[in-house]
Amino acid sequence: MKHYEVTFVVDPVLSGDEIKATEKAYEEMLKNEGCTLVHVDEMGLKQLAYPINKRSSGIYYCIEFTSPTGDIIGKLELAMKRDERLMRFLTIALDKYGIKYNADKRSGLIGKVKKKTKGKPQDEAAAAPPAEAPKAAAAPVAEEVAETGSAE
Amino acid sequence: MASKDDIKFLSNPTIGKQSKKYCRFKKFGIRHIDYKDADFLLQFINEQGKILPRRITGNSLKYQKKVAVAVKRARHLAILPFVTDLLK
C-alpha cells in the first residue's frame, strides 16, 4: 500500500457544476482503479502567485489516497495532462511523516495553531505540537476512511 | 557607595551578542514540510522569492533540502512565485 497525494488547480472560468464534475471524475477514476480515498481537501478559490494561461486565480483541490500498486499514477497523470480544465497538477508520494502530518492537520492540530501566529518566534513554538500528538491523531484517520467508504 | 541600580551603560550591552542559530525542525521535531502552507514557507525565502541559504536560516542540511523541495513544489502550483519583488 502506497500513500499518495495529488493536488490540482481547476480553471476558475468553468461553472460551479463543471468544477465539481472535474473533481468527481478524478475521484471516480481513482476508486475504479482500486484506490482508497483517504481525504479530499477542497482548498477553494485562491489567487495564483503568477498568471497561468492568462488566469490570475484557480480552484485548488487536494486528494489523498492509497493505492495497492503505483500503476495508477501514470494513468492519472496522463489523464490530467490531457485535461484542459486543469491548469496545474502535482502528485507526490507521502512518507510516514507526511501521512502523520496530514492526519494531524485534519484533526485540527496544525491548521489552527498556525493561523493564530504570524510572527516568527511564535510560529516556531506553535509548530511544535504536531510532533508531540501524533497518537491522538491516529483515530481520526480511521474515521475518515470509514466515511469515504460509506459514501461509495 | 553606588548600588547596582546606579550603574548606567553608555550603549546597550546586549548589542553585539549573537544568539546561536539553530535548526527549528530539529529543535521542535517537525518532520514534514507542507508545500501547500505558503505562510510557513515564506520564512525561508527572501523578498524576491529566492530560497534563503542555510547560513541565514540555520537549518540543518537534511531539512534545508526538504525546505528547498517544498518551495519548488509550491512554485509549480503557483502557491509561491518564481520571481517577484516586495513579497514581504
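Each remark here, short or long, concerns the structure printed above.
Parameters at a glance
Residues numbered from 1 in each chain as written. Chains lettered and ligands numbered in written order. Predicted model: local features only at pLDDT ≥ 70, side-chain atom pairs only at ≥ 80, totals over all residues. Heavy atoms only, no water. Phe/Tyr/Trp six-rings, centres within 6.5 Å; stacked < 30°, edge-to-face > 60°. Helix = DSSP H or I, 4+ residues; strand = E, 2+ residues; numbered from the N terminus. Lys NZ or Arg CZ within 6 Å of the ring centre and 35° of its normal. Disulfide = S-S within 2.5 Å. Buried < 20%, exposed > 50% of the residue type's maximum accessible area, 1.4 Å probe, protein only. Polar contact = N/O pair within 3.5 Å; in protein donor to acceptor, adjacent residues only side chain to side chain. Contact = heavy atoms within 4.5 Å. Axes fitted to C-alpha atoms, helices over the stretch in contact; angles between N-to-C directions. Parallel < 35°, antiparallel > 145°, perpendicular 65-115°, else oblique. Left-handed = near helix turned anticlockwise from the far one by under 90°. Nonpolar A, V, L, I, M, F, W, Y, C, P; charged D, E, K, R; others polar.

1. So, the packing of aromatic side chains
Summed over the entire model, instances satisfying the criterion amount to eight aromatic pairs over all chains. Measuring from centroid to centroid gives 5.3 Å for Tyr50(A) and Phe82(B), while their planes differ by 55 degrees, and the two rings are tilted. Taken as a pair, Tyr50(A) in strand E2 (residues 36-52) and Phe82(B) in the segment after helix H4 (61-76) lie in two separate chains rather than in one. Grouped by ring-pair contacts, the aromatic residues Phe25(B), Phe40(B), Phe44(B) and Tyr63(B) constitute a single cluster. The ring of Tyr60(A) carries the charged tip of Lys46(A) above its face, separated from the ring centre by 5.3 Å. The ring of Tyr22(B) has Lys27(B) lying over it, and the distance from NZ or CZ to the ring centre is 4.1 Å.

2. Quick look at the state of the cysteines
All names here are of chain A. Evaluated as defined, the whole model comprises zero disulfides over all chains. Residue Cys62 stays outside any disulfide, its sulfur separated by 15 Å from that of Cys35, the closest cysteine. Judged by its relative accessible area of 5%, Cys62 falls in the buried class.

3. Observations concerning the side chain of Asn59(B)
Residues and elements named next belong to chain B. Assignment of secondary structure puts Asn59 in the loop between helix H3 (54-57) and H4. At 3.1 Å, the side chain of Asn59 forms a polar contact with the side chain of Gln64. Those residues in contact with Asn59 that sit more than four places away from it in its chain are Cys23, Phe25, Phe44, Arg54, Gln64 and Val67.

4. Describing the side chain of Asn102(A)
Residue and element names in this part refer to chain A. Take Asn102: it is sitting in helix H3 (residues 96-106). Asn102 sits in the buried class, given a relative accessible area of 7%. Within the structure, Asn102 has its side chain in polar contact with the side chain of Glu5 (distance 2.7 Å). For Asn102, the contacting residues outside a window of four places in its chain are Glu5, Glu64 and Leu94.

5. Quick look at the packing of helix H1 (residues 16-32) of chain A against helix H2 (residues 71-82) of chain A
All names here are of chain A. The N-to-C vectors of H1 and H2 enclose an angle of 160 degrees; their axes lie 11 Å apart at closest approach. In terms of orientation, H1 lies roughly antiparallel with respect to H2. At the point where H1 passes H2, the crossing takes the right-handed sense. Two secondary-structure elements touch here, H1 through Tyr26, Met29 and Leu30 and H2 through Ile72, Lys75, Leu76, Ala79 and Met80. Looking at the contact of H1 with H2 residue by residue, the classes come out as seven nonpolar, no polar and one charged.

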